[in-house]
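Chain by chain, the residues run as shown.
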Amino acid sequence: CVFSLTEYKLSVSPEMDIMEYCRKEWRGNTPAAKRMRKGYEAVAQKFASIRRIRGDNYCAFRATLFQALSQATQLPRWLQSEDFAMLPENLLSKYDWIKQWQLRQKPGKRMGEISDEIKEYLILLRKKWKNISEIKGPLEKQEACDKLFKNEEEEYSLYEALKFLMLNTAIELYNAEKSGRRVPVFSWLLFARDTSSNPCQLMHNHLNHIGHSGGLEQVEMFLLAYALQYTIQVYRLYKYSTDEFITLYPNDPEEDWPVVTLITEDDRHYNIPVRMCQETVL
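Residues numbered from 1 in each chain as written. Predicted model: local features only at pLDDT ≥ 70, side-chain atom pairs only at ≥ 80, totals over all residues. Heavy atoms only, no water.

We apply this condition: UniProt positions are given in the numbering used here, feature names are shortened, and annotations may be inferred rather than shown by experiment.
An unreviewed UniProt entry lists the protein chain under the name OTUL thioesterase, from Hippolais icterina. Its UniProt record, at the heading Subcellular location (unreviewed entry), says of the protein chain: "Cytoplasm".

This is the structure:
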């Protein structure tokens, strides 16, 4: 697809019929193109439209957060905690290595200097989530989400908040396993990697690079889901006709976690399906 300059800069592009999008993107007769078309046809049984997400290594964050806010009707419990905004200060008092945290906007600054800014980002996340969840009309709610994701400074501040929440969740899981408590399987996989055998390595080698030189890896999608306490359902189109076509992060979600749905063609870039078909709603 050829996008105009203005449209290309949009974080979340306007709706497009899902099969029309598929026909433009996958015209050939290669096995890959046929598989993608079959995958899109399956998604079109549930959703009418697709919105393209800007691809800049934050697309997993962008797609997940946009979907979560679009359907938010209340503030999640973990955002209601009185200690929520104190998270940077509390973690820094226990783990000196968190001073090596890197901000996207200020790559030269250390965490000791920016903990107040992380605190502001967490407060911003709570404020935006609360404001949008209180909007009753679906059109007004959608307009508020669109407006938020056109404000680049606020948008990237929210992603910094999400990354920090992922670090906090990783620390909690790591400590739980070390103390002999039960942890989800993905936590073992997360810390089994040579590059992230503990939360400090995870921060240095992965979280600090998200949005700069890379996006979220598969195991980090689980971590994002746990940090948000949301089930992330993903149509993985290149896995069409296999058991992995629809993948859940986590694959054993809590029953009361809300569900957001994404689409990926390659596990690197994510778009979002919108407008659930009427028979599916019923």
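Further notes follow.
**A look at the overall build of the protein chain**
The test is simple: Helix numbering and strand numbering both begin at the N terminus, where a helix is a DSSP run of H or I of at least 4 residues and a strand a DSSP run of E of at least 2. We take the radius of gyration over the C-alpha atoms and set the globule estimate at 2.2 Å times the residue count to the 0.38 power. Any pair of residues with heavy atoms lying within 4.5 Å of one another is described as a contacting pair. Charged residues are defined here as Lys and Arg on the positive side and Asp and Glu on the negative side; His and the ends of the chain fall outside this count. Charge positions are represented by NZ for Lys, CZ for Arg, CG for Asp and CD for Glu.
Secondary structure summary: the protein chain contains 13 helices and six strands in total. For the protein chain, the C-alpha radius of gyration of 19 Å lies close to 19 Å, the compact-globule estimate for 282 residues. Contacts in the protein chain between residues far apart in sequence, at least 24 positions, make up 71% of those at least 6 positions apart. The positive charge centre, built from 38 side chains, and the negative charge centre, built from 39, are 3 Å apart in the protein chain.

**Observations regarding the UniProt feature "active site" (unreviewed entry) in the protein chain**
Just so we agree on the cut-off: Exposed residues in this analysis have more than 50% of their type's maximum accessible area, buried residues have under 20%, and partly exposed residues fall in between, with area computed by a 1.4 Å probe over protein chains only.
UniProt tags Asp56, Cys59 and His269 as "active site" (unreviewed entry). For the residues just named, distributed over 214 residues, the greatest C-alpha separation is only 8.9 Å, placing them together at one site. With respect to the helices and strands, Asp56 occurs in the loop between strand E2 (47–51) and helix H4 (59–70). Leave out the neighbours within four places in its chain, and Asp56 touches Arg62, Tyr156 and Gly211. Its location among the elements puts Cys59 in helix H4. With relative accessibility at 5%, the residue Cys59 sits in the buried group. Excluding anything up to four places from it in sequence, Cys59 contacts Ile53, Arg54, Arg268, His269 and Tyr270.

**Observations regarding the side chain of Ser70**
Note the cut-off: We define a polar contact as two N or O atoms separated by no more than 3.5 Å, with the added condition that, inside protein, one atom must be a possible hydrogen donor and the other a possible acceptor, whereas residues neighbouring each other in sequence contribute only through side-chain atom pairs.
Tracing the backbone shows Ser70 in helix H4. Judged by relative accessible area, which is 17%, Ser70 ranks as buried. Polar side-chain contacts of Ser70 include one of 2.7 Å to the backbone oxygen of Phe66. Those residues in contact with Ser70, other than ones at most four positions away along the chain, are Lys141, Gln142 and Cys145.

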